Every structure is written in C-alpha cells, then in structure tokens.
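Here's the letter readout for the chains.
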Protein chains: 2
Amino acid sequence: MNQVIETLLQHRSIRRFKEQRLDREQIEAIVKSAQAASTFSFIQAYSIIGVTDQKKKDKLAELAGNQAYVAANGHFFVFCADLHRLMVVGEMENADLSESIESTEKFMVALIDAALAAQNAAIAAESLGLGICYIGGIRNDLEAVKDVLKTPEHVIPLFGMAVGYPDQETDLKPRLPMANIYMENEYQKDRSLFEKQMHDYNETTSEYYRVRTGGKREDTWTGQMVKMVGGKSRMYMKEFVEKQNLNKK
Amino acid sequence: MNQVIETLLQHRSIRRFKEQRLDREQIEAIVKSAQAASTFSFIQAYSIIGVTDQKKKDKLAELAGNQAYVAANGHFFVFCADLHRLMVVGEMENADLSESIESTEKFMVALIDAALAAQNAAIAAESLGLGICYIGGIRNDLEAVKDVLKTPEHVIPLFGMAVGYPDQETDLKPRLPMANIYMENEYQKDRSLFEKQMHDYNETTSEYYRVRTGGKREDTWTGQMVKMVGGKSRMYMKEFVEKQNLNKK
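Residues numbered from 1 in each chain as written. Chains lettered and ligands numbered in written order. Predicted model: local features only at pLDDT ≥ 70, side-chain atom pairs only at ≥ 80, totals over all residues. Heavy atoms only, no water.

An unreviewed UniProt entry lists chain A under the name Oxygen-insensitive NADPH nitroreductase, with Mesobacillus boroniphilus given as the organism.

Right, here's the structure in full:
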C-alpha cells in the first residue's frame, strides 16, 4: 500500500464544507490533473466549467433538488461531454464531421473522457486535503442547466463536483463484494452465487445504515436499488440528448 | 505538489510490457481502488473482467485491430457498463426495472460509473510502478467481444486496460490549453479566441510529433482530429447498444 492507493481507498463523499474558497493554485492543480487523464484517440471530448457566480450556484443547487452543498462549497465544477469543440474544428478545416459526432459511439467516447478527467480531478482534490461530492442532480433538468451555463449544441453537462474544505466526518460506504464486481475470463452467471453475494452485501449495508443512523434506518442495497431505479428518474434524457444532436446515429 | 498529483501528471500510455505477470495482491489493490471510486446513487453499475486466458487475450488483440499489447501484458482488464446486475436484483425483489434500466439516463450512469472506476484502477496501477493503456479498440466489434467474454444483455464492454511492467519510455503528450478546457461561469464561445488557442495547440502538437519521430511525422491536432473523427468509426454502435436493451427510452 502506498500513499496514492491510500488516498483512493479513503474516498467518501463530503456534503458540508467550510466557507473557505479554493485558491487559483488549487484550481489549476485540479484542472491540470483532470487534463492528464487518458483520452480516447487524443480527442479530449470534454469541458469543465467552474462556477464562481453565487447566483448561478444557487440556481444549480435548486435545480439539483435543493442540495445546499452545490451552493456552499470551496469551488463548484461542472463536467461536460463536449463534441462542440470538434464541430468547430471541422468548420475550421472545411470538414463536415456531424455524422460521426452525432453517433452513439462518439457520445460514449465523450462521456467516458469526461468521467476519466473528473475522477483525476477528484483524486487531486482529495490529495490536497479537500473533500468532494459528485452531483448527478444537475441532470434533473438539463434544459435549465444549459441556460445557466450557456452550453451550445453538442455539449451535455453531465455532473457537477462540489469541492471544498470538509466540515463533516463521514464513513466509508461498503462496496459490492469484490467477487461480484470482478470476474475472470467470462461474465459470471451463476444465479445462486449471485443471490448469496447479494444476501451478504445486504447484511453489510444494513449494518452500515443501522450504525450510521443509530438504528433509525433499515435498508438493504437491493431494496434501495429497487426503490431508486424503479423511480424512473430523468426519462426525458434521450430526447434532450438527441435535441443537442448527440447519440442520434 | 504532492505524490498523488505527481502520479496523475506523469501519466503516459504504455504499449510495451515486460513478460512479468501481475500477482494476486496487485490485482486486488487495483480492483479495490476501482471500487472505491464514487458511484451515482450507490448504483455501482459496472463490472470488470480480468482476462487471463491467453487464447481470449489473443482474440481480443486481433479484434482491437491487432494491438499486440492487448495480448502481451501483465494483466488485461475489460471494463463493462453493467445494468444486468440490477435486472437480476429486480427479479429477486419482484420488481420490473426494465423501463428505467433501458433509459438513456441509466446508460449514461453506467458509462460514467465504469469510467470513474477505471480511472481509479489506472491511478492505482501507476502508483505501483506499472504502466497502463486504455484500449478503446475492443469497441471495433462488440458482437465478437461479447462472445469472448459471454456478457449478457444489459452489459456493454466499454474498453480494455492493459497493465504491466513498462518496457518502453514514452513522452508526456501535450494537452489542450487549459483555457480551452476550463471556463468559468459559462461556456466560452469567442470564435477568434478559440482559433488562436487551436493555432497555438497545433504548434505544440506538431513540435511534439516532430521531436518524437525525428522529423518524420508532420501533424497538427486539428488535422489529426478531422482525419480520425471524419473516419466515422463504429457507426454500428447505436444498433448494438439498443440490441443489448440499453439507451432505448
């Protein structure tokens, strides 16, 4: 075990921050770390928007479902899948790249590129003693987020990241059993093994919630997932993404 | 600057490895680091398949466009978007989650979750003195990859990652100017500033290729992108993904 792996394994989301802002040097270290991540075929199909305007932060907090820590943090980043840049590059070089750019393949590339960069940003921030929380809630209403950030066609704001000096202590959240996530040579389809793994994991997560809430929360992972996924959130997404002329072909 | 950020900034892809295999402890450290990454609403919508069977590695190397380092490395991981797990969880809990699982929103969640985990894996491997290379080439023919790895419906193998002891020295690849990737408060649309940034970046990348190839390769980033994106690769992806019953609604 080294210091890097220790930083990775110590990750927990932080949702309450001290008032102190990040300074320019910290922001640069985080963004440069993000940029150092791998990118498919050198395409770098993402952009990062730092939100410092408090009115915009308040609006995003409201859109994300009234998450206070979207407004109150040391810095707020929004990671976007960005294929607009390549459309403009195409124009500059007199090439119409739209058919390729509007494909599902390129949509996937942009999502993955943005996520790789974001995770490097998260690690860099945590290594500086800062806490982070990914904010998927900005996808609740991307039309409105698009208006706030003035993103053009071929750009999708994917998630936010609140960063700041932690003002709370939180516990490590237990992950799925490694044998369930990691398989060798082929996908594991043994149903009884799967059910056993879920049973064990439900016990682990129940215990986690019990301890954390002083016995108030009774919840299993499978129960939680059925509730969350069954909620059918953000079913407008396909239409929104296609309206931005992505994921169409 | 600390040791973690230094590791992030020193990233370069490695495409030639020594013959030495990773041991179980290294593989576990890498997978556990991957699992420690953030996941949206605790969904953990990905799986990792380690490929140790040499015949399968050879086949994947061929499918990825004859990339030798897919077959010859210390360990080969395939990162998959995985919503199959949740379908089974739904069955166990007598809930039909298919409408939600087959939405574009959940497809995005699974891609992002898989990429966050993968980037943690990459960082962990590099911190152990290993080299890595992401392999998008497995998306050349996902029908065939699916047969090799026996992935079920609602699972998409997204990319491979070759890991091993580096047997080459490679240079840091210059990234887009930070001012082009990182904006504040709103998306930057000034066309003349954009063209200036691209001009500068083209000079940087040209110089990189010139030095690296002893003057043999003349290339700019924008030229390279027009060629690569204009190539319209993997236009079958939308159909393939929908056939796995994802990204449909």
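**Re the overall build of chain A**
We count it as follows: By definition, any uninterrupted DSSP run of H or I lasting at least four residues is a helix, any uninterrupted run of E lasting at least two residues is a strand, and each is numbered from the N terminus. Our radius of gyration looks at C-alpha atoms and nothing else; its globule reference is 2.2 Å times the residue count to the power 0.38. Three exposure classes are used, based on accessible area relative to the maximum for each residue type with a 1.4 Å probe and protein chains only: buried under 20%, partly exposed in between, and exposed over 50%. Note on contacts: a residue pair qualifies if any of its non-hydrogen atoms lie within 4.5 Å across the two residues. Computed with a 1.4 Å probe, the accessible areas rest on the Shrake-Rupley method; for each residue, only the protein chains presented here act as cover. Note that His is not counted, nor are the chain ends; the positive residues are Lys and Arg, and the negative ones are Asp and Glu. We put the charge of a Lys on NZ, of an Arg on CZ, of an Asp on CG and of a Glu on CD.
For chain A, the helix and strand inventory stands at twelve helices and five strands. What you see for chain A is a C-alpha radius of gyration of 20 Å, in line with the 18 Å of a compact globule of 249 residues. By its C-alpha atoms, chain A is 60 × 45 × 40 Å across when sized along the principal axes. Buried positions account for 62% of the 249 residues belonging to chain A. A sequence separation of at least 24 residues applies to 79% of the contacts in chain A between residues at least 6 apart. For chain A, the exposed surface amounts to about 9,500 Å²; the carbon and sulfur share of it is 46%. Taken together, the 32 basic and 35 acidic charged side chains of chain A have centroids lying 5 Å from each other.

**Thoughts on the packing of helix α2 (residues 24-35) of chain A against helix α7 (residues 104-127) of chain A**
All names here are of chain A. Basically, it comes down to this: Axis lines are fitted through C-alpha atoms, for helices just across the contact stretch, and the angle between N-to-C directions can take any value from 0 to 180 degrees. Here is the rule for angles: anything less than 35 degrees is roughly parallel, anything more than 145 is roughly antiparallel, 65 through 115 is roughly perpendicular, and the remaining ranges are oblique. Less than a right angle of anticlockwise turn of the near helix away from the far helix marks a crossing as left-handed, whereas a clockwise turn marks it as right-handed.
Put simply, α2 and α7 touch, their axes get as near as 7 Å, and they point 140° apart. One way to sum up the angle between α2 and α7 is to call them oblique. In this structure, α2 crosses over α7, and the sense of that crossing is right-handed. Of the residues in α7, those in contact with Ala 29, Ile 30, Ser 33 and Ala 34 of α2 are Ala 117, Asn 120, Ala 121, Ala 124 and Ala 125.

**Topic: the pairing of strand β1 (residues 46-51) of chain A**
The two faces of a sheet get side chains in turn, since along a regular strand they alternate between them. Here is the rule we go by: Pairing between strands requires that DSSP locate at least two bridges from one strand to the other.
Summarising burial for β1 of chain A: six of the six residues are buried, a large majority. Alignment of β1 of chain A against strand β2 (residues 75-82) of chain A, held across six bridges, turns out to be antiparallel. The residue bridging Val 51 of chain A from the neighbouring strand is Phe 76 of chain A, located in β2 of chain A. Bridge count for β1 of chain A against strand β5 (residues 182-184) of chain B is three bridges, and the pairing is parallel. Residue pairing in the sheet places Ile 49 of chain A in a bridge with Met 183 of chain B of β5 of chain B.

**Description of the relation of the copies chain A and chain B**
Rules: Here the copies are matched by least squares. The fit uses the C-alpha atoms of residues with pLDDT of at least 70 in both.
Between chain A and chain B, which share one sequence, the superposing operator has a rotation angle of 180° and an axial displacement of 0.0 Å; the RMSD is 0.0 Å. This pairing of chains is accounted for by a two-fold axis. A share of 100% of interface residues in chain A that are also interface residues in chain B marks the association as one of identical surfaces.

**Side note on the pattern of salt bridges**
All names here are of chain A. The test is simple: A pair is scored as a salt bridge if a Lys or Arg side-chain nitrogen falls within 4 Å of a carboxyl oxygen belonging to Asp or Glu.
For the coordinates displayed, the defined rule picks out 30 salt bridges over all chains. Note that Arg 217 is salt-bridged to Asp 219, the shortest N-O span being 3.1 Å. Classification of Asp 219 as buried rests on a relative accessible area of 11%.

**Comments concerning the sheet that holds strand β2 (residues 75-82) of chain B**
Strand pairing in a sheet takes place through backbone hydrogen bonds and is either antiparallel or parallel in direction. Spatially, five strands are ordered β5(A)-β1(B)-β2(B)-β4(B)-β3(B) in an open sheet, and the strand pairing comes out mixed. The two strands at the open ends of the sheet, each matched to only one other strand, are β5 (182-184) of chain A together with β3 (131-135) of chain B. Ignoring which end each strand starts from, the neighbouring axes of this sheet average 25° apart.

**Points about the sheet that holds β2 of chain A**
What the five strands build is an open sheet, ordered β3(A)-β4(A)-β2(A)-β1(A)-β5(B); its pairing is mixed. Each of the sheet's edge strands pairs with one partner strand only, and the pair in question is β3 (131-135) of chain A together with β5 of chain B. Neighbouring strand axes in the sheet, compared pairwise and without regard to direction, differ in orientation by 25° on average. Examined bridge by bridge, β2 of chain A and strand β4 (residues 155-164) of chain A share eight bridges and lie antiparallel to one another. Note on β4 of chain A: the bridge partner recorded for Phe 76 of chain A is Ala 162 of chain A. Against the sheet, α7 of chain A contacts β1, β2, β3 and β4 of chain A, and its axis sits at roughly 10° relative to β4 of chain A.

**Topic: the interface of chain A and chain B**
The test is simple: The term buried area refers to how much accessible surface (probe radius 1.4 Å) is lost by two components on association, counted for both of them together.
Each partner contributes residues to the interface: chain A has 124 residues there, and chain B has 125 residues. Both faces combined, the contact of chain A with chain B buries some 10,900 Å², and carbon together with sulfur accounts for 65% of it. Three residues stand out in chain A for area buried against chain B, namely Phe 42, Asn 185 and Tyr 187 of chain A, and they jointly supply 8% of the buried area on that side. Remark: the boundary between chain A and chain B carries ten salt bridges.

**Re the side chain of Gln 197 of chain A**
Residue and element names in this part refer to chain A. Following the sequence through the fold, Gln 197 ends up in helix α10 (residues 191-212). Looking at Gln 197, the relative accessible area reads 7%, which means it is buried. Apart from the residues lying within four places of it in its own chain, the contact partners of Gln 197 are Pro 177, Ala 179, Asn 180 and Gln 188.

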